[in-house]
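# An overview of the molecular structure
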Amino acid sequence: MDDLRRLSDAELVDSLRALEARQRETMAAIVAHVVEIEERRLHLRLGYSSLFDYCQRALGLSEDEAYRRMTVSRMASKWPAIVDGLEDGSLHMSGVALLKPHLRAENCGELLEMARGASRRELERRLAARFPQADAAEFRRAQKVKPLSAERFALQLTIGEATCARLERALDLMSHENPSRSLEAVLDRALDVLVKELERTKLAKTKRAPKTKPPANATRKREHETKNDVKPTERDEKSITRAGAAEIRRIRKRAIARPIRREVFERDGEQCSFVGESGERCSCRSGLELDHIRPWAIGGPSDVVNLRVLCRGHNRLVAEDWFGKARIEDALMAGRGG
Ligand SMILES: [Zn+2]
């Protein structure tokens, strides 16, 4: 601070301008780095479930900053002009992120031009005029759960006509036990039923204990660290070459016996079991899938020892390591009917 006090007014202004320019260059470089990190799937290899998770936990960014950095980086990987705009200061991060729902190959030039030099508010106004239906998307983004105190939360969302009708019907049917027509009572009851149903289908949980006891060696806690290192042998390589896209696609649809499913989910603590190169275990607990450590397409068994719980990102990463990025992308495209 003392150093700054010695500067003349003009020097102070120049110095600040130079710092701003340096910051813009740094931000453009950061965006380019994040693009490359994602391209190499490094965030997954390090044990993070997604690029968002990596930006938040590894880079220490707030939720908003992490979202913005991830969004802008993904857009910049498609439209490199964004990096140039960030660097020369004609575009800013929050402006670019606002373009996301609308940016297409055919309007890219027009929209980037619209964003140049515009403040966030001005750009919001221009986008609303250009895409009048955008408020629907805005509403969807507005859904949120906000803590009010340690025990109470505010829930805000927009619902469609059919959902609204079902809600009214549930309130009517519950009117004796819920005369005040409390939405919380309906939601709580509905979620209770839903969670039980999902636990049954996704985690294969049952009320009854399993009839047969699994073999002792199958129940021991597996060493996740070593299993991440399973690599294809020379014989595997031949099988991998034979395993076509259709075969890989079938991996996702194949049924695994419920008791095995239940045991694997219990053993892995209903959490992704991937451990990154630096020892970081993935913290993801949603969208979990069962993965064959030795792939099913090349003869890996569907038993407790060969199965593990992975999040979608890590399941895809290990599949890419076995079968190659291009082949997995093809298989997923075909699976989507694209
Ligand atoms: Zn994971």
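Preceding this section is the structure that the text describes.
Keep in mind it's a predicted model, so treat the numbers as computed, not measured.

### Here's the deal with the overall build of the protein
Across its full length, the protein holds 19 helices and four strands. Contacts spanning at least 24 positions in sequence make up 61% of the contacts within the protein whose residues lie at least 6 apart. A total accessible area of about 21800 Å² is found for the protein, and carbon and sulfur atoms account for 53% of it.

### A short note on the nonpolar core
Formed by 25 residues in total, the largest nonpolar core has its most connected members in Val72, Ile82, Leu86, Leu99 and Leu123. Excluding residues within four positions of it along the chain, Leu86 makes contact with Arg24, Ala28, Val31, Val72, Leu91, His92, Met93 and Val96. Counting residues in each nonpolar core, the second largest holds 18 residues, with Leu44, Val264, Leu288 and Leu310 among its members.

### Observations regarding the pairing of strand β1 (residues 144-147)
In this sheet, strand β2 (residues 153-156) lies alongside β1 in antiparallel orientation, the contact comprising four bridges. Bridged to Lys146 within β2 is Ala154. Between β1 and β2, which follow one another and run antiparallel, lie five residues.

### Observations regarding the coordination of the zinc ion
Surrounding the zinc ion are the protein donor atoms Cys272 (SG), Cys282 (SG), Cys311 (SG) and His314 (ND1), which sit 2.1 to 2.4 Å from the metal. Mapped onto the polypeptide sequence, the residues donating to the zinc ion form the spacing pattern C-x9-C-x28-C-x2-H. Here Cys272, found in the loop between α17 (258-267) and β3 (289-292), pairs with His314, found in helix α18 (residues 312-323); they are 42 residues apart in sequence, far enough to count as distant. Residue classification places Cys272 among the buried positions, given a relative accessible area of 0%.

### A look at the packing of aromatic side chains
Tallied over the full model, the rule gives one aromatic pair. When the ring of Tyr48 is compared with that of Tyr54, the centres are 5.5 Å apart and the planes differ by 75°; the resulting orientation is edge-to-face. Owing to a relative accessible area of 13%, Tyr54 belongs among the buried residues under this scheme.

### A few points about the pattern of salt bridges
By the definition in use, this model includes 24 salt bridges. Between Arg57 and Asp53 there is a salt bridge, with the nearest N and O atoms lying 2.8 Å from each other. Here the residue Arg57 and the residue Asp53 both occupy positions in helix α4 (residues 51-58), the gap between them amounting to four residues, near one helical turn. The partner of Arg316 in a salt bridge is Glu329, with the nearest N and O atoms 3.4 Å apart. Taken together, the residues Arg316 in helix α18 and Glu329 in helix α19 (residues 325-335) connect sequence positions 13 residues apart.

### With respect to helix α2 (residues 9-39)
End to end, α2 covers 45 Å across 31 residues, agreeing with the expected 45 Å (1.5 Å per residue, within 8%). Contact partners of the buried residues in α2: α3 (42-45), α4, α5 (63-78), α6 (81-88) and α7 (93-99). Just downstream of α2 lies Arg41, where phi reads positive at about 60°.

### A few points about unusual backbone geometry
You will see that Arg41, though not glycine, has its phi angle at about 60°, which is positive. Along the chain, Arg41 falls in the loop between α2 and α3. For Arg41, a relative accessible area of 15% corresponds to the buried category. The backbone of Glu270 sits at a positive phi, close to 50°, despite the residue not being glycine. Within the element layout of this structure, Glu270 appears in the loop between α17 and β3.

### Notes on the environment of Lys146
The residue Lys146 is located in strand β1 in this model. Those residues in contact with Lys146, other than ones at most four positions away along the chain, are Phe153 and Ala154.

### Let's talk about a nonpolar patch on the surface
Among the surface-exposed residues, Val145, Phe153, Leu155, Leu157, Ile159, Leu187, Leu191, Leu194, Val195 and Leu198 lie close enough to one another that they form a single nonpolar patch of about 890 Å² accessible area. Going through the elements one at a time, β2 and α12 (183-202) are the ones with two or more residues in the nonpolar patch. Considering every element that reaches the nonpolar patch, the biggest residue donor is α12, with five residues. With respect to the helices and strands, Phe153 occurs in strand β2.

### Some remarks on a negative patch on the surface
On the surface, Glu25, Asp84, Glu87 and Asp88 cluster together into a patch of negative charge. In terms of residues, the negative patch owes the most to one element, α6, which gives three residues. Summarising the element assignment, Glu87 is placed in helix α6. A relative accessible area of 39% means that Glu87 is categorised as partly exposed.

Quick notes on the rules
Residues numbered from 1 in each chain as written. Predicted model: local features only at pLDDT ≥ 70, side-chain atom pairs only at ≥ 80, totals over all residues. Heavy atoms only, no water. Helix = DSSP H or I, 4+ residues; strand = E, 2+ residues; numbered from the N terminus. Contact = heavy atoms within 4.5 Å. Areas by Shrake-Rupley, 256 points an atom, 1.4 Å probe, with all protein chains shown as cover. Core = buried A, V, L, I, M, F, W, Y, C linked by side-chain atoms within 4.5 Å. Buried < 20%, exposed > 50% of the residue type's maximum accessible area, 1.4 Å probe, protein only. Pairing = 2+ DSSP bridges. Donors = N, O, S within 2.8 Å, 3.2 Å for Na, K, Ca; no water. Phe/Tyr/Trp six-rings, centres within 6.5 Å; stacked < 30°, edge-to-face > 60°. Salt bridge = Lys/Arg side-chain N within 4 Å of Asp/Glu carboxyl O. Expected span 1.5 Å × (residues − 1). Patch = residues over 30% accessible without salt bridge, like charges linked within 9 Å, V, L, I, M, F, W, Y side chains within 5 Å. Lys, Arg positive; Asp, Glu negative; His and termini not counted. Charge placed at Lys NZ, Arg CZ, Asp CG, Glu CD.

The values reported here are purely geometric and, on their own, carry no functional implication.
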